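# Geometric and topological summary
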Amino acid sequence: MALVWKFLFYFGVMTLPFYPFNSGGIQPSHAVLALAFAVLLVNASFRLQVNLFGKIYLLMVVYIMLREITAAMGNSNVLSLLSPIYFLFNLMVLMLTHNLSVRESKLNLAVMVSGLVAMLGVIIIGVSFVRGDMTMRAIGTFNNPNQLGYFSVCFLSLSYLFYACKMISGKVFVGLMCIGFFCGFVSLSKSAILSNIVVLLAFLLSISFKNKVLILTSMIFLFMVVFVNDLVPIELIQSSELYYRFDRFGQESDSSLASRGYLLVFESGILHLIFGMGKEGVKAYFGLETHSSIMSMLNSYGLVGLIFFLVLLAVWFLEIYRAFGFEGFMGICLPAVLYGLAHNGNRFVIFWLLVGASLSIARTTFQARAERLNPDVSPDQTLQNPVNKVV
């Protein structure tokens with residue numbers, strides 16, 4: 001039974017980029033992951049050990065459920081109940097990673113395959129960088145380019161996680177970084193491109209001075225070969241969609257805070273500021289979702305929901321910092337959070353896979369360190385009282 005749920009889990013991860021149905025609905029990978037969790041529940045090795053992160057997440061889900069039930073009773077719209085279902089589903093993803101010994105698992109291979117699926121989807125379906133062509137922003141097998149962009153960010157952070165805990169080599173990570181940057185660039189998501197650069201900077205910080213010099217020298221040489229020799233005419237660059245999007249940074253119709261829904265909750269009364277408007281309430285008032293993970297929580301669930309979410313992120317940040325230091329925090333946590341400032345990725349499965357996998361590896365890292373410092377310590381004591389990073 002253990003092999004069955006792990007196989008289903010890996011297969012669900014590999015098919016995460018495949019979106020044949022409309023956004024917001026169940027995709028094939030979601031069904032496979034739910035089946036993996038169902039098999040895990042009847043497996044003898046299943047363990048339910050709720051740590052601090054899990055307790056905060058559960059409290060947040062309970063609050064969201066109560067808020068949306070209240071909203072559904074008020075507007076007679078059962079769609080309000082979808083939001084807590086999304087969070088409950090991602091709780092299953094967290095529990096799957098919690099029951100998987102990630103460091104000894106094949107999760108890294110499953111994530112690699114998902115990156116290849118995303119890249120091949122873009123190549124097969126087509127992409128163009130030149131403005132005016134029929135194909136401009138690539139979506140691959142996703143439903144929109146922002147999904148492809150956010151996938152590239154979480155994919156790169158997962159790849160960095162596997163590199164940081166030595167599940168893959170530096171050379172393999174560079175290859176995966178090329179896949180992530182490709183998906184980010186063709187999505188033409190400014191947030192994704194900038195967030196992916198943060199992963200690159202974290203990687204540069206983590207390697208030796210000799211390798212830093214080698215990589216930077218190679219990048220400068222490549223730049224000189226391409227641009228000094230005019231292999232890529234400047235006119236072609238200026239006609240590209242990527243250049244156009246960055247050139248018009250801050251000038252698009254959805255660039256203002258109001259147009260992205262950031263000021264919505266401040267215009268709707270003190271009760272909505274405290275408890276939020278509910279997911280469907282925001283859509284009814286604004287017409288669509290708020291373009292931010294942070295502001296979406298504030299608009300939908302008020303200051304109460306936002307505090308839960310921020311505390312949850314703070315616990316994640318602290319655990320990753322303790323396990324992997326500043327470079328780890330920078331490469332694992334920061335990119336997805338930076339992307340979430342401009343786009344809403346709270347229900348994106350691969351984000352919660354990143355959170356769950358990184359916390360699982362951090363937990364085993366704490367345990368290994370504690371056992372080295374005190375061979376008599378029990379695993380349970382280690383997990384309850386993780387030690388600080390040993391330099």
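Residues numbered from 1 in each chain as written. Predicted model: local features only at pLDDT ≥ 70, side-chain atom pairs only at ≥ 80, totals over all residues. Heavy atoms only, no water.

### A short note on the overall build of the chain
Rules: Labels follow the DSSP assignment, with helices taken as runs of H or I lasting at least four residues and strands as runs of E lasting at least two, numbered in each case from the N terminus. With a 1.4 Å probe rolled over the protein chains alone, any residue whose accessible area is under 20% of its type maximum counts as buried; one over 50% counts as exposed, and the rest are partly exposed. Contacts were defined at the residue level, with two residues in contact if any of their heavy atoms lie within 4.5 Å. Each accessible area value is a Shrake-Rupley result obtained with a 1.4 Å probe; residue values ignore everything except the protein chains displayed when judging cover.
The helix and strand inventory of the chain stands at 16 helices and zero strands. Among the 391 residues that make up the chain, the fraction classed as buried is 49%. Here the analysis covers contacts within the chain between residues at least 6 apart in sequence; of these, 73% occur between residues at least 24 apart. Of the roughly 18,600 Å² that the chain leaves accessible, carbon and sulfur atoms contribute 70%.

### Let's talk about the pattern of salt bridges
Using the following cut-off: By salt bridge we mean one thing: a side-chain nitrogen of Lys or Arg within 4 Å of a carboxyl oxygen of Asp or Glu.
All chains considered together, the criterion is met by one salt bridge. Salt-bridge contacts for R322 lead to E319; the nearest nitrogen and oxygen are separated by 3.7 Å. Taken as a pair, R322 and E319 lie in helix α14 (residues 293-342) at a separation of three residues, close to a single helical turn. For E319, a relative accessible area of 18% translates into the label buried.

### Re helix α15 (residues 349-373)
Stated formally: Expected helix span is taken as 1.5 Å per residue step, with the number of steps being one fewer than the number of residues.
The end-to-end C-alpha distance of α15 is 36 Å, a good match for the 36 Å that 25 residues give at a rise of 1.5 Å each. Of all 25 residues in α15, 19 are buried, a share of seventy percent or more.

### Observations concerning the side chain of S114
Note the threshold: We define a polar contact as two N or O atoms separated by no more than 3.5 Å, with the added condition that, inside protein, one atom must be a possible hydrogen donor and the other a possible acceptor, whereas residues neighbouring each other in sequence contribute only through side-chain atom pairs.
By secondary structure assignment, the location of S114 is in helix α5 (residues 107-125). Within the structure, S114 has its side chain in polar contact with the backbone oxygen of V111 (distance 2.6 Å). Look past the residues within four positions of S114 in its chain and what remains in contact with it is V13, M14, P17, F151 and F155.

### Topic: empty space enclosed by the protein
The condition that has to hold: The way it works is a 1 Å grid over only the protein atoms, where trapped points that fit a 1.4 Å probe form a cavity and open points with protein on both sides within 12 Å along at least five of seven lines form a pocket, and then any residue with an atom within 4 Å of a point lines it. Grid points are joined across faces, edges and corners, and a volume is the space filled by probe spheres set on the points. The nonpolar class holds Ala, Val, Leu, Ile, Met, Phe, Trp, Tyr, Cys and Pro. Asp, Glu, Lys and Arg form the charged class, and all remaining residues, Gly among them, are polar.
Applying the stated criterion across every chain yields a total of four cavities of 30 Å³ or more. Surrounding the largest cavity, Y150, S293, I294, F309, L313, A336, V337, G340, G345, N346 and F351 form its lining. With seven residues, α14 is the largest single contributor of residues to the lining of the largest cavity. For the lining of the largest cavity, the class distribution of residues is seven nonpolar, four polar and no charged. Taken together, S83, Y86, F87, K279, N344, N346 and R347 make up the full set of residues lining the second largest cavity. With three residues, the single largest contributor to the lining of the second largest cavity is helix α4 (residues 82-98). For the lining of the second largest cavity, a count of residues per class yields two nonpolar, three polar and two charged.

### Some points on the packing of helix α1 (residues 2-14) against helix α2 (residues 28-41)
Heads up, the condition is: Inter-axis angles, ranging from 0 to 180 degrees, are taken between N-to-C directions of lines fitted to C-alpha atoms, where helices are fitted over the stretch in contact. For classification purposes, angles smaller than 35 degrees are called roughly parallel, those larger than 145 roughly antiparallel, those between 65 and 115 roughly perpendicular, and all remaining angles oblique. Crossing chirality is assigned from the near helix's rotation relative to the far helix, an anticlockwise turn below a right angle marking it left-handed and a clockwise turn marking it right-handed.
It is at 8 Å that the axes of α1 and α2 come closest, and there the two elements cross at 160°. In this view, α1 runs roughly antiparallel relative to α2, as classed from their interaxial angle. Handedness of the crossing formed by α1 with α2: left-handed. Of α2, the residues touching α1 (which contributes V4, W5, L8, F9, F11, G12 and V13) are S29, V32, L33, L35, A36, V39 and L40.

### Section: the packing of aromatic side chains
As a reminder of what qualifies: Aromatic rings from Phe, Tyr and Trp, with only the six-membered ring used for Trp, were paired whenever their centres fell within 6.5 Å, and each pair was classed as stacked if the ring planes differed by under 30 degrees, edge-to-face if by over 60, and tilted otherwise.
Counted under the stated rule, the structure contains 24 aromatic pairs. Their ring planes at 45° and their centres at 5.2 Å tell us that Y19 and F142 sit as a pair that is tilted. Of this pair, Y19 sits in the loop between α1 and α2 while F142 sits in the loop between α5 and α6 (145-164), and the two are 123 residues apart along the sequence. F142 matches Y19 in its accessibility class, with the two residues each being buried.

### Remarks on unusual backbone geometry
At K166, a position not held by glycine, the phi torsion is positive, near 65°. Mapping K166 onto the fold places it in the loop between α6 and α7 (170-187). Residue K166 is classed as exposed on the basis of its relative accessible area of 73%. The residue L188 is not glycine, and still its phi comes out positive at about 60°. If you trace the backbone, L188 turns up in the loop between α7 and α8 (190-206).

### Overview of the confidence of the model for the chain
Parts of the model with low pLDDT should not have their predicted coordinates read in detail. Rules: What pLDDT conveys is the predictor's confidence in a given residue, as a value from 0 to 100.
Of the residues in the chain, 81% have a pLDDT of 70 or more, and the chain-wide mean is 83. Mean pLDDT values over the elements of the chain span from 46, in helix α16 (residues 379-384), up to 96, in α6. Contacts of residues 129-135 to residues separated by more than four positions or lying in other chains number 16 contacts, the stretch itself having pLDDT below 50. Here residues 379-391 is a poorly scored stretch, pLDDT under 50, and it has 23 contacts once near neighbours within four places are set aside; other chains count.

### With respect to the layout of surface pockets
Roughly 780 Å³ of volume is contained in the largest pocket. S23, G24, Q147, R347 and F348 are the residues nearest the centre of the largest pocket, which is lined by 28 residues in total. Residue assignment for the lining of the largest pocket shows that the elements contributing at least two residues are α2, α4 and α6. The biggest single contributor to the lining of the largest pocket is α4, with five residues. For the lining of the largest pocket, the residue count by class is 13 nonpolar, 13 polar and two charged.

### Concerning the side chain of S360
Tracing the chain through its elements places S360 in helix α15. Residue classification places S360 among the buried residues on the basis of a relative accessible area of 1%. Once residues within four sequence positions are removed from consideration, S360 is found in contact with T97, L100 and V102.

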